Every structure is written in structure tokens, then in C-alpha cells.
Amino acid sequence: MQGTVDGFSYGLVTPLVAYLMACLGGALGLRCTTRSMLVAQSWRPGWLVLGSAAIGSGIWTMHFVAMMGFTVRGTPIYYDKAMTFASLAVAIVMVGIGIFIVGYRGARGTALFTGGTITGLGIASMHYLGMASMSLDGKLEYNTVTVGISVAIAMGAATAALWAAGQIRGFAWSVGASLVMGLAVSGMHYTGMAALSVHLHGTAEPAAGDSPASLLAPMLVGPLAFLLLAGVVVMFDPLMVMGKPTVVPVEHKPGIPAHTHVRHSARRLRFHPRRTVEHRGSRTPQNR
């Protein structure tokens, strides 16, 4: 028996809140990625790890907030807790790989394509692993073409977001990048949900696992608390807000006088021979 699937049981509330969660995680993560490009090598891994955790937590929270509005008529839905939190780990690790590639290789060329692809695949992997954690009296079936489209959306939008983060053009530019990242996650999620159909068994056997409501508390207390802490780090770092590479000149100040001295000395070396040649040339007629 074909089940009736409803992904908007609470209307537009869950899609909007889910999109805001994705944008929040994307904004914090991409700002951390931008920050990593403006600091010394010793500080870069820390900022990239923070960015990876922020984006991973944001997309994971977005997914399960959206799933709060997902129902199948005729059967309750439960979730396997271990697999649910495993999807969070997968999201953080795969997004982290993509962000580290862009953070160290730059947001251009092969590095951008590779980092964006891995980040997009991380978003898609989190989604479908989270869907696999569902337990109900039925079988989940997916349309292969629609699933492929959802993965392509995630990879394309994630690549665009990482490119925007790598431009380092200020806070407004990063806000736009976070909106794109939010679209990547939300667009991928609802496209993947459109590929889903449920075939009910009709056995009325109780499914095992936790209900969506029981997962809401750890979802809010854990990842959202981390996002708030990451937000505090962003707000109290002037370089993160302004997006200007003011730290780099400070770190390299000892080298600036040396470069300046070399330039002046080079100019003097070029001028002295000219003056010597001019004096010799001016004295030649006098000697004659």
C-alpha cells in the first residue's frame, strides 16, 4: 500500500526555521573559513575545524528541524539514535575535508572544485544517512534521477558558497555566501524528499527507535549551543566582521622594513652608477 507523505505538517514554519539554521551554520562556517585565510599557518587548522563543525552542525540541525514536519499517514515514525548522530559526524568530517582543501589551496581552480564537490557530497551523505535512520511500518523508495539532481544541487551550491567565502570581500559578501549555502542544504533536502515514496506494509507492528520529539531536545541543546558559541567567537573578532586582512601586515611587520630597505638600496645602486657616468661624462670636455 502506498503511503501518503507530508513534508509540511506545520506549514511553512519548519522549512523557514530549517533554512535559517542552515544559513546560521553556513555563515559561521564560511566566516571561519575566510578567517583562516588571513592568519598565520599555526592558527589556520583551528579556524578550519571550527568552520567545519559549524557548517556540519548547521546542516544537521536544518535536516532534523525540517523532518519535524515530515509525516506518513497511517504509521508513526521513529529514529535510530546512533545512526542519527552518526549522520552528524559524517557531515562534519566530509565538510571539513572540503573546507581544509579550500583553506590551504585557495578558492580557485581544482582546489575549489574538489573542495566544493566533497562538501556537497557531505551534505548529501548526511541527508540520506539521516533518512536511513528512520524506522516505520513500511519501505522507503527513491527516484534515482531526482536523487542525482539533489546531489548535483548540493555540490554546485556548496562550490559557489566556498568560492564566495574565498573572495574575502567583507561581511556582506559572506552573508550572501551563507544564503547560498542555506539554499544548497535546503534545496538538496527538499529535492531529496521529493524523490521519496513510502510503501506501507500494513502489519501495524510497532517500529523501534525514538520519536522526532524525543530527538528535539538533544538537537537543540547540542548543536545549537555550539552554534551560539561559534557566533560569539565571530562577533568578538573584529577581523571576522570587517573581513579585512589587518592581521597579516601585523604578523609580517618585522619583514616590511627589510623589504623597504632592499628596495631603497636597489634604487641607490641604480642611481649611483648613473651619477658616476654623468660626472665622468661632464668632466671629459673639461679635461680636453
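Residues numbered from 1 in each chain as written. Predicted model: local features only at pLDDT ≥ 70, side-chain atom pairs only at ≥ 80, totals over all residues. Heavy atoms only, no water.

Peer 1: Residues and numbers for the overall build of the protein chain, please.
Peer 2: The secondary structure content of the protein chain amounts to 10 helices and six strands. Burial analysis of the protein chain (288 residues in total) assigns 43% to the buried set. Summarising the internal contacts of the protein chain: among those between residues at least 6 apart in sequence, 86% fall at separations of at least 24. As displayed, the protein chain offers around 14700 Å² of accessible surface, 68% of which is attributable to carbon and sulfur atoms. (Helix = DSSP H or I, 4+ residues; strand = E, 2+ residues; numbered from the N terminus. Buried < 20%, exposed > 50% of the residue type's maximum accessible area, 1.4 Å probe, protein only. Contact = heavy atoms within 4.5 Å. Areas by Shrake-Rupley, 256 points an atom, 1.4 Å probe, with all protein chains shown as cover.)

Peer 1: Describe the packing of aromatic side chains, with residues and values.
Peer 2: Summed over all chains, the structure comprises six aromatic pairs. Aromatic pair Tyr-128 and Tyr-142: ring centres 5.6 Å apart, planes at 80°, arrangement edge-to-face. Of this pair, Tyr-128 sits in helix α4 (residues 109–132) while Tyr-142 is found in strand β5 (residues 138–142), placing the two residues 14 residues apart along the sequence. By the ring-pair criterion, three or more aromatic residues cluster together here, those being Trp-60, Phe-64, Tyr-79 and Phe-85. Of note, Arg-44 hangs over the ring of Tyr-104, and the distance from its end group to the ring centre comes to 5.4 Å. (Phe/Tyr/Trp six-rings, centres within 6.5 Å; stacked < 30°, edge-to-face > 60°. Lys NZ or Arg CZ within 6 Å of the ring centre and 35° of its normal.)

Peer 1: Describe the pairing of strand β6 (residues 196–200), and please don't skip the residues or the numbers.
Peer 2: Burial of β6 is one-sided: the residues Leu-196, Val-198 and Leu-200 facing one way are buried, the residues Ser-197 and His-199 facing the other way are not. Here β5 runs beside β6; their pairing, made up of five bridges, is antiparallel. Along β6, the bridge assignment pairs Gly-138 with Leu-200. (Pairing = 2+ DSSP bridges.)

Peer 1: Mind laying out the side chain of Ser-57, listing which residues take part and the relevant values?
Peer 2: Note on placement: Ser-57 falls in helix α2 (residues 44–67). Residue classification places Ser-57 among the buried positions, given a relative accessible area of 6%. Among the polar contacts listed, one links the side chain of Ser-57 to the backbone oxygen of Ala-53, at a separation of 2.8 Å. Excluding residues within four positions of it along the chain, Ser-57 makes contact with Leu-88, Ile-92, Pro-223, Phe-226 and Leu-227. (Polar contact = N/O pair within 3.5 Å; in protein donor to acceptor, adjacent residues only side chain to side chain.)

Peer 1: So, the side chain of His-189: which residues are in play, and what are the values?
Peer 2: Within the secondary structure, His-189 sits in helix α6 (residues 171–194). When near neighbours in sequence (up to four residues on either side) are disregarded, His-189 contacts Met-62, His-63, Ala-66, Met-67 and His-127.

Peer 1: Before we move on, can you summarise the confidence of the model for the protein chain with the specific residues and values?
Peer 2: Low pLDDT means the predicted atomic positions in that stretch should not be read closely. In the predicted model, the protein chain carries a mean pLDDT of 77, and 72% of its residues have values of at least 70. Between the elements of the protein chain, mean pLDDT differs from a low of 42, seen in helix α9 (residues 247–251), to a high of 92, seen in α4. In this model, residues 241–288 is a region of pLDDT below 50 whose contacts with residues beyond four sequence positions or in other chains number 23 contacts. (pLDDT = per-residue confidence, 0-100.)

Peer 1: Before we move on, could you go through the environment of Gly-148 and cite the residues and values that matter?
Peer 2: By the secondary structure assignment, Gly-148 is in helix α5 (residues 144–165). According to the relative accessible area criterion, Gly-148 is partly exposed, its value standing at 39%.

Peer 1: So, the nonpolar core: which residues are in play, and what are the values?
Peer 2: Ranked by internal contacts, the top residues of the largest apolar core, which has 58 residues, are Leu-30, Ile-59, Phe-70 and Ile-123. Of all the elements in the fold, those that place two or more residues in this core are α1 (13–36), α2, α3 (81–105), α4, α5, α6, β6 and α7 (212–235). Counting residues per element, this core draws most heavily on α2, at 12 residues. Look past the residues within four positions of Leu-30 in its chain and what remains in contact with it is Ile-55, Ala-161, Leu-162, Ala-165, Ala-177, Ser-178 and Met-181. (Core = buried A, V, L, I, M, F, W, Y, C linked by side-chain atoms within 4.5 Å.)

Peer 1: Can you explain α3? Please cite residues and give values.
Peer 2: In this model α3 runs 37 Å from its N-terminal to its C-terminal C-alpha over 25 residues, within 8% of the 36 Å that 1.5 Å per residue would give. In the segment just after α3, Gly-106 is the residue with positive phi, at about 95°. (Expected span 1.5 Å × (residues − 1).)

Peer 1: Describe the packing of α1 against α2, listing the residues and the values that go with them.
Peer 2: Relative orientation of the contacting elements α1 and α2 amounts to 175°, with a least axis distance of 8 Å. Taken together, the axis directions place α1 and α2 in an arrangement best described as roughly antiparallel. Residue composition of the contact of α1 with α2, grouped by class: 16 nonpolar, nine polar and two charged. (Axes fitted to C-alpha atoms, helices over the stretch in contact; angles between N-to-C directions. Parallel < 35°, antiparallel > 145°, perpendicular 65-115°, else oblique. Nonpolar A, V, L, I, M, F, W, Y, C, P; charged D, E, K, R; others polar.)

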